[in-house]
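An overview of the molecular structure
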Amino acid sequence: MNNAKVQNPETQIPKSQAMNDRDFINDILTTEKYFTQAYSTALNEASNQTLYQDILHIFEDTQNSQRELYNLMFKNGWYSLEQESAQTCQQSYQQFQQYQQQLPKH
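Residues numbered from 1 in each chain as written. Predicted model: local features only at pLDDT ≥ 70, side-chain atom pairs only at ≥ 80, totals over all residues. Heavy atoms only, no water.

1. Here's the deal with the overall build of the chain
In plain terms, the rule: Helix and strand labels come from DSSP, where a helix needs a run of H or I of at least four residues and a strand needs a run of E of at least two; each type is numbered from the N terminus. For a compact globule the rule gives 2.2 Å times the number of residues to the power 0.38, and the radius of gyration it is set against comes from C-alpha atoms. Using a 1.4 Å probe on the protein chains alone, a residue whose accessible area is under 20% of its type maximum counts as buried, one over 50% counts as exposed, and one in between counts as partly exposed. For this analysis, residues touch if any pair of their heavy atoms sits within 4.5 Å. Residue-level accessible areas treat just the shown protein chains as cover; the underlying method is Shrake-Rupley with a 1.4 Å probe. Only four residue types enter the tally: Lys and Arg on the positive side, Asp and Glu on the negative side; His and the chain ends are excluded. The atoms used to mark charge sites are NZ of Lys, CZ of Arg, CG of Asp and CD of Glu.
The secondary structure content of the chain amounts to 3 helices and 2 strands. Along the chain, from the amino end to the carboxyl end, the secondary structure elements read β-α-α-β-α. Expected size for 106 residues packed as a compact globule is a radius of gyration near 13 Å; at 19 Å, the chain overshoots this value by more than 25%. The buried share among the 106 residues of the chain stands at 18%. The long-range share in the chain, meaning contacts at least 24 apart out of those at least 6 apart in sequence, stands at 73%. As displayed, the chain has an accessible area near 8,600 Å², and 50% of this comes from carbon and sulfur atoms. In the chain, which carries 7 positive and 12 negative side-chain charges, the distance between the mean positions of the two groups comes to 10 Å.

So, in structure tokens, the structure goes:
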């Protein structure tokens, strides 16, 4: 298994007990993730079309904000990902294809 990190060089920040830029952005990103999950649930359960459209617009704005925060953290090296091997990706793809074949055809 290939566990290479995908990360930009980390922007150094002063280390102290006080919250720094990375801490604040991470906190906001976590909050935005929570909001998008909650809005997604609200979208699934909205029975009124006007309310659904309003929530959808808020969801899209929140999702875009979340992506911008992720990009900012990744750019500053504060968010890293694990690189998967081609074999692992191929196995996941094959598993998805098997699941898809089990679904009823419409």
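2. Quick notes on the nonpolar core
Inside soluble globular proteins, nonpolar side chains tend to come together where they are buried. Condition: Definition used in this section: a nonpolar core is a set of buried Ala, Val, Leu, Ile, Met, Phe, Trp, Tyr and Cys residues joined via side-chain atoms within 4.5 Å.
Membership of the largest hydrophobic core is limited to 6 residues, which are I13, I25, L29, L69, M73 and W78. Of all the secondary-structure elements, those providing two or more residues to this core are helix 1 (21–45) and helix 2 (49–75). When residues no more than four places from it in sequence are discounted, the contact partners of M73 are R22, I25, N26, L29, W78 and Y79.

3. Some remarks on the side chain of E32
Turning to its location among the elements, E32 is positioned in helix 1. If near-sequence neighbours (up to four positions away) are discounted, E32 is found in contact with T62, S65, Q66 and L69.

4. Some remarks on the packing of aromatic side chains
Basically, it comes down to this: For this analysis, a ring pair means two rings from Phe, Tyr or Trp (six-membered ring only for Trp) whose centres lie within 6.5 Å, classed as stacked if their planes differ by under 30 degrees, edge-to-face if by over 60, and tilted for the remaining angles.
Applying the stated criterion across every chain, the model contains 4 aromatic pairs. Aromatic pair Y34 and F35: ring centres 6.2 Å apart, planes at 50°, arrangement tilted. On the accessibility criterion, F35 (33% relative accessible area) is partly exposed. Taken together, a centroid distance of 6.0 Å and an interplanar angle of 25° make the contact between Y70 and F74 stacked. Linking Y70 with F74, this pair stays in helix 2, spanning 4 residues, or about one helical turn. The burial state of Y70 is the same as that of F74; both residues are buried. An aromatic cluster of at least three residues, connected via ring pairs, comprises Y34, F35 and Y39.

5. Focus on the confidence of the model for the chain
Rules: One number per residue, pLDDT, summarises how confident the predictor is, and it ranges from 0 to 100.
Confidence in the prediction for the chain averages 89 pLDDT; 97% of positions are at 70 or higher. In the model of the chain, strand 1 (residues 5–6) stands out as the element of lowest mean pLDDT, 76, in contrast to helix 2, which has the highest, 96.

6. Some details on helix 2
Filter applied, for reference: Helix span, as expected, comes to 1.5 Å for every residue beyond the first. Here a polar contact means two N or O atoms within 3.5 Å. Within protein one must be a hydrogen donor candidate and the other an acceptor candidate, and residues neighboring in sequence count only if both atoms are side-chain atoms.
With 27 residues, helix 2 should reach 39 Å at 1.5 Å per residue; the first-to-last C-alpha distance of 38 Å fits that figure. When helix 2 is considered as a whole, its buried residues turn out to be I55, L56, T62, Q66, L69, Y70, M73 and F74. Two or three places before T50, at the opening of helix 2, N48 has a side-chain oxygen 2.9 Å from that residue's backbone nitrogen. Just beyond helix 2, the residue with positive phi is G77, at close to 75°.

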